[in-house]
Amino acid sequence: MTRPDPSISDLVADRRPGHSLPAGLYTRADVFDADMEIFFRNHWIAVGLECDVPEPGDAYVLDIGKSSLILLRDDEGEIRVLHNVCRHRGARVLNAGNSIVSKLVCPYHQWTYELSGELMHAPHMGQGFDKSCRSLKPVKFVSVGGLVYACLSDNPPEDIDRLIETMEPRLAPYDIRNAKVAYQCDVIENGNWKLTIENNRECYHCLGNHPELCLSFIDLDFGYDPAALSQADRERADAHEARFAEVTMAWEAAGYPSAAVLPRVEGDTNFRTQRLLMNGAGESQSPDTRAACKKLLGTMTDKMLGDVHLWGHNTWNHFMADHAVIATVIPLGPDRTLVRTKWLVHKDAVEGVDYDVQHLTSVWVATTDQDAELVERSHAGVSDPAYEPGPYSEFAETELESFAGWYVRQMRVNGY
Amino acid sequence: MTRPDPSISDLVADRRPGHSLPAGLYTRADVFDADMEIFFRNHWIAVGLECDVPEPGDAYVLDIGKSSLILLRDDEGEIRVLHNVCRHRGARVLNAGNSIVSKLVCPYHQWTYELSGELMHAPHMGQGFDKSCRSLKPVKFVSVGGLVYACLSDNPPEDIDRLIETMEPRLAPYDIRNAKVAYQCDVIENGNWKLTIENNRECYHCLGNHPELCLSFIDLDFGYDPAALSQADRERADAHEARFAEVTMAWEAAGYPSAAVLPRVEGDTNFRTQRLLMNGAGESQSPDTRAACKKLLGTMTDKMLGDVHLWGHNTWNHFMADHAVIATVIPLGPDRTLVRTKWLVHKDAVEGVDYDVQHLTSVWVATTDQDAELVERSHAGVSDPAYEPGPYSEFAETELESFAGWYVRQMRVNGY
Amino acid sequence: MTRPDPSISDLVADRRPGHSLPAGLYTRADVFDADMEIFFRNHWIAVGLECDVPEPGDAYVLDIGKSSLILLRDDEGEIRVLHNVCRHRGARVLNAGNSIVSKLVCPYHQWTYELSGELMHAPHMGQGFDKSCRSLKPVKFVSVGGLVYACLSDNPPEDIDRLIETMEPRLAPYDIRNAKVAYQCDVIENGNWKLTIENNRECYHCLGNHPELCLSFIDLDFGYDPAALSQADRERADAHEARFAEVTMAWEAAGYPSAAVLPRVEGDTNFRTQRLLMNGAGESQSPDTRAACKKLLGTMTDKMLGDVHLWGHNTWNHFMADHAVIATVIPLGPDRTLVRTKWLVHKDAVEGVDYDVQHLTSVWVATTDQDAELVERSHAGVSDPAYEPGPYSEFAETELESFAGWYVRQMRVNGY
């Protein structure tokens, strides 16, 4: 007889430090359900941007698992996040994507809500009907320098403060709250969300797979085995490290926080940030490594302030002087993951004048497609009975070890 | 750890009167399986029409879940319903849809059955092979004025008699047995079959969603909150009610049964019928509210006999002087439901002369597409963890309360 | 309440000799998982051909369930079968299908393996990293006259020797090891793999479904009820049998093993082989029953040596003087099965000169499409609650009884 599958707790206990996860943690449906509950319901997750809804009445709907959130700007100009579920018979109030609304009117029976979520009109419900307990349910959220993080649980982790305190000053000069979404694209990766994250948390694969990105990205910053380098490469690496340390000190001295803030395995809200140098002209992750938008973000005047890099829970971000790239990861199933990428420019930048969309987006469009192929290849392989967890490089995959350790700890904390 | 799902019985017990059903009853795969067993196997369900198979040798195959039924007219002109499963190795004998046959020949090994289902020839089965116990299995069915209801169980509910006694005299003048299917269309709604039924059992959503239907349909007949109407509207509503009562009495006096027969929560075979007034010219649910077929159905001569409306178990029907519309609901999965609609005219009506198909069908084609969008919107919403059952309007959603009560009672009777 | 499903053991115990299998053995997901473990993991299965990879560096990747195998020819010209799973983080090393490689380089992080599977380079893994325990895992395999059978288990059945001993001398004159794949086509049948096999193991359905094949195929050889034949047909059948016996003796006398070797219900590695006569000109399963390739296979000179027919575990094969047809069956799901068919000719045969691909392949392309339709029809029918196992013909379906008996015995041996 075929053996019964191990429990999720067994899989968690089987995880061997320094190695990729046991197969079932990437592939099983019950693990996916647990992941959605723990990591996409009880944690803070990146859901959108203040500048997704620049004007009062702008609304942006994002589906996360079976949940659907309305991110909107109310009549007072404040951000709101509401559940997209009519309080009558549950119909979706708004369709996915962007819309402009004066009230939130459910198309089914015209129940009508204020932009605050308050129910103002429910026809034919009779005199005794109490509208006050039928508001659209609110979702807890914070804005981290314009990046909107929400938590679907009633008891969100408290350490979101550390993210806010770290990032607000770093993001301030870029004024992401008032930026403009110049382009957005969705890629569905045929793999588990943790493989998407792992792929993002190392640059060991960059040189072999991302020719466009490697013009500006410096993979050395993500770790390497010194013994693997030639004498000449070793000298170049040492020179880069010295320069990077020097520039970081100069940035800090000029009032731009730049030093690395590392993820904490024991924390709930995991993130990593650092201001990185870029290669080539050093201005931007563009095809020629120069600024791809003439008008700089926020109050920026210096194109050489590098790349403020942020790895959040389900997101990666690059803030450069001329533009920012924000990717959000939304699991769709055990083996399907949505990666939504947005390119931000100054709100007054004019397409065709200040920037060309194709030029602005081409590096990360290519990179994301390449990554999708790698994640699919990984998911197929870890699903193979011949797979066994393999060793992480202690030089080039330290952030995977950090992520895997944090993941396993969170699973344990949640009873697995 | 994630909490275990409640049992089906828990979901049934959680149902709160006056409110839509707990989410799991709409969305869960195990509930769907129970529904298929209880409501589509043990109950009488609408499967087709006598006039789907007007001539001997005509056959019509309908799939219901994993079952497939052959509705056919045999050599004596009698209706038969047989299981579409060869008694040899189980192959489907006929393909889905309509065909014309002289015998039922399984294409796999040419086992050949009479139109009665009797096995007449099975090649190479040897001398001792007993054909008599290898007939195609019959399915229990009744014809209700030409509407064929079948039951896949060996112990069908007995109260089908009430449906027959009620509807035979109402349908007689329309002679549906000898009508003609002028058009048929299938729409797959991305929602649970109970959301399809709920959507059909109220007209609260009509004004906001069905502009074409509302030319002829009078949503007031399906309930409204008097206090929600303006003084003028209230007077119009009162005038309509008075007129409706008067016309109903006149129809009854002229020998046309018209009064409402209501569903019974405690019955098995649930239905509702009533002769309704139509708006505008009052003749038909057509784009101009006038008869869309010159030749009237059956023995009808008066175009002003309204709309004999029948809500059956998995079907809705409108019988008007010039044509009838018959919709059948077949669940395909927890979140997928087939709605098959047929438009019937007099069998001698000639397309292009007596009626134009586009004109005949446009109102309900549009309405069905609109309903499909609403059902999808509802299913997405009730699947959201933020959904909680909402209140039915005590004026405009009384039939939903009746349906939900009946559904819950049937689940309980079946051990949940 | 709906009844719980019977256990797999109950289904196995319910199987009634002389009858098709209980429905659940064809349709259930848990049975499919057990089948994959027992019949496609613990048994020898046909996976490819030596001539899929004629030259050193040729590689052919086949997916079986969640496994993926690399069949390749190494630098020494030897066949190897390796698991297609990188030992780092599990990525697929090669894509499905054919490729040419000098080394096996995982595209993710450029881990580089010799064609033997040995890991030769893993960048950035540090000084202490032990490459010796990180070879691509080998898969056990044998070549049966050029037909590659593999076993994914560590304890493959021992009776593969009987297949080798039987087939090597039969295949020797055809030199399949050095043939050429002239054409390959994939058909996905919407049915369980056992229905695909059952369909292949009888020719009861041929006359009614395979007009192209029946030009050369003699369905009498697969059994018939003598009493079902007319006097004239009976005389023709007797004449054929006498001639077949005589020709078989002549073939054997000329050194070509031809007599039937029958499957053994109690064996693990089940197969049947026999040299068959062909109809018409008797040379080939081609549209005109004549050789479809001018250059004959291997050392063959006589076109009238019939059809060496081999039914293996998950494969059927026809070896004729001019060409061979090899079909491999790979289950994709409970109701989806891949049938991959390859047409082989002499390696020096030139397309357009010695053979025309359309002419060479048309009979089995048509036959395979027809069979796919029959298997889909069967699967739909056995999934119907009205299905009950039906009787096999004791004349025309003896091989199905043999297969079903073997299947049930294997299930029991494995604890069901």
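What counts, and at which threshold
Residues numbered from 1 in each chain as written. Chains lettered and ligands numbered in written order. Predicted model: local features only at pLDDT ≥ 70, side-chain atom pairs only at ≥ 80, totals over all residues. Heavy atoms only, no water. Helix = DSSP H or I, 4+ residues; strand = E, 2+ residues; numbered from the N terminus. Rg over C-alpha atoms; globule rule 2.2 N^0.38 Å. Buried < 20%, exposed > 50% of the residue type's maximum accessible area, 1.4 Å probe, protein only. Contact = heavy atoms within 4.5 Å. Areas by Shrake-Rupley, 256 points an atom, 1.4 Å probe, with all protein chains shown as cover. Lys, Arg positive; Asp, Glu negative; His and termini not counted. Charge placed at Lys NZ, Arg CZ, Asp CG, Glu CD. Axes fitted to C-alpha atoms, helices over the stretch in contact; angles between N-to-C directions. Parallel < 35°, antiparallel > 145°, perpendicular 65-115°, else oblique. Left-handed = near helix turned anticlockwise from the far one by under 90°. Nonpolar A, V, L, I, M, F, W, Y, C, P; charged D, E, K, R; others polar. Disulfide = S-S within 2.5 Å. Buried area = accessible area lost by both parts, 1.4 Å probe. Salt bridge = Lys/Arg side-chain N within 4 Å of Asp/Glu carboxyl O. Polar contact = N/O pair within 3.5 Å; in protein donor to acceptor, adjacent residues only side chain to side chain.

Asker: How do you make sense of the overall build of chain A when you look at a structure like this?
Answerer: Of the regular secondary structure elements, chain A holds 9 helices and 16 strands. What you see for chain A is a C-alpha radius of gyration of 23 Å, in line with the 22 Å of a compact globule of 416 residues. Principal-axis analysis of the C-alpha atoms gives chain A an extent of 85 × 70 × 35 Å. Taking all 416 residues of chain A together, the buried fraction comes to 60%. In chain A, of all internal contacts separated by at least 6 residues, the share reaching a separation of at least 24 is 64%. Put simply, chain A shows about 15,700 Å² of open surface, and 49% of that area lies on carbon and sulfur atoms. Across chain A, the 39 positively charged side chains and the 62 negatively charged ones have centroids separated by 5 Å.

Asker: Is there a simple way to explain the packing of helix α5 (residues 193-200) of chain B against helix α8 (residues 357-382) of chain B in this structure?
Answerer: The packing of two helices is summarised by the inter-axis angle and the distance between the axes. All names here are of chain B. Running from N to C, α5 and α8 cross one another at 125°; their axes reach a closest spacing of 9 Å. With respect to α8, the axis of α5 lies oblique. Handedness of the α5/α8 crossing: right-handed. From α5, L195, T196 and N199 reach across to α8, where they touch D371, L374, V375, S378, H379 and V382. Of the residues contributing to the contact of α5 with α8, the split by class is 4 nonpolar, 4 polar and 1 charged.

Asker: What is the right way to look at the state of the cysteines in this model?
Answerer: Among covalent bonds in proteins, the disulfide is the one between the sulfur atoms of two cysteines. Across all of its chains, the model carries 3 disulfides over all chains by this definition. Covalently, C203(A) is tied to C206(A) through a disulfide, its sulfur atoms 2.0 Å apart. Of note, the bridge from C203(A) to C206(A) carries an S-S torsion of about -105° and is left-handed in sense. On the basis of relative accessibility, which here comes to 3%, the residue C206(A) falls in the buried class. Here C185(B) is not disulfide-linked; the sulfur of C51(B) is the nearest cysteine sulfur, at 16 Å. When its relative accessible area of 15% is taken as the criterion, C185(B) is described as buried.

Asker: Would you take a moment to explain the interface of chain A and chain B for this structure?
Answerer: Accessible area lost on assembly of the parts is the figure often given for the size of an interface. Listed per partner, the contact involves 35 residues of chain A and 39 residues of chain B. When chain A packs against chain B, the two sides together hide about 2,900 Å² of surface, and 52% of this comes from carbon and sulfur. Counting the surface chain A buries against chain B, the share from its top three residues, R89(A), Y108(A) and H124(A), is 29%. Counting every contact that joins chain A to chain B gives 6 salt bridges. Between E388(B) and K137(A) there is a salt bridge; the shortest N-O distance is 2.7 Å. At the junction of chain A with chain B, the criterion picks out 21 residue pairs in polar contact (both at pLDDT 80 or more). Going through the elements one at a time, α3 (29-39) and β3 (67-73) of chain A are the ones with two or more residues in the side of chain A that touches chain B.

Asker: Is there a simple way to think about the pattern of salt bridges in this case?
Answerer: Between side chains of opposite charge, a pair can form as their charged atoms come close. All told, the structure shown has 60 salt bridges over all chains when counted by the stated rule. As a salt-bridge pair, R89(C) and E397(A) come within 2.7 Å of each other at their nearest N and O atoms. Of the two residues, R89(C) is situated in the loop between β4 (79-83) and β5 (97-100) and E397(A) in the loop between α8 (357-382) and α9 (398-413); the pairing between them involves two chains. On the accessibility criterion, E397(A) (0% relative accessible area) is buried. Two residues, R15(B) and E401(B), come together in a salt bridge whose shortest N-O distance is 3.1 Å.

Asker: Explanation requested: the packing of helix α5 (residues 193-200) of chain C against helix α9 (residues 398-413) of chain C in the structure shown.
Answerer: Residues and elements named next belong to chain C. Where α5 contacts α9, the two axes come as close as 9 Å, and the packing angle between them is 150°. By the angle between their directions, the pair α5 and α9 is classed as roughly antiparallel. Considering only the axes of α5 and α9, their crossing is right-handed. Contacts between α5 and α9 involve W193, K194, I197 and E198 from the first element and L400, F403 and Y407 from the second. Of the residues that constitute the contact of α5 with α9, the class distribution is 5 nonpolar, no polar and 2 charged.

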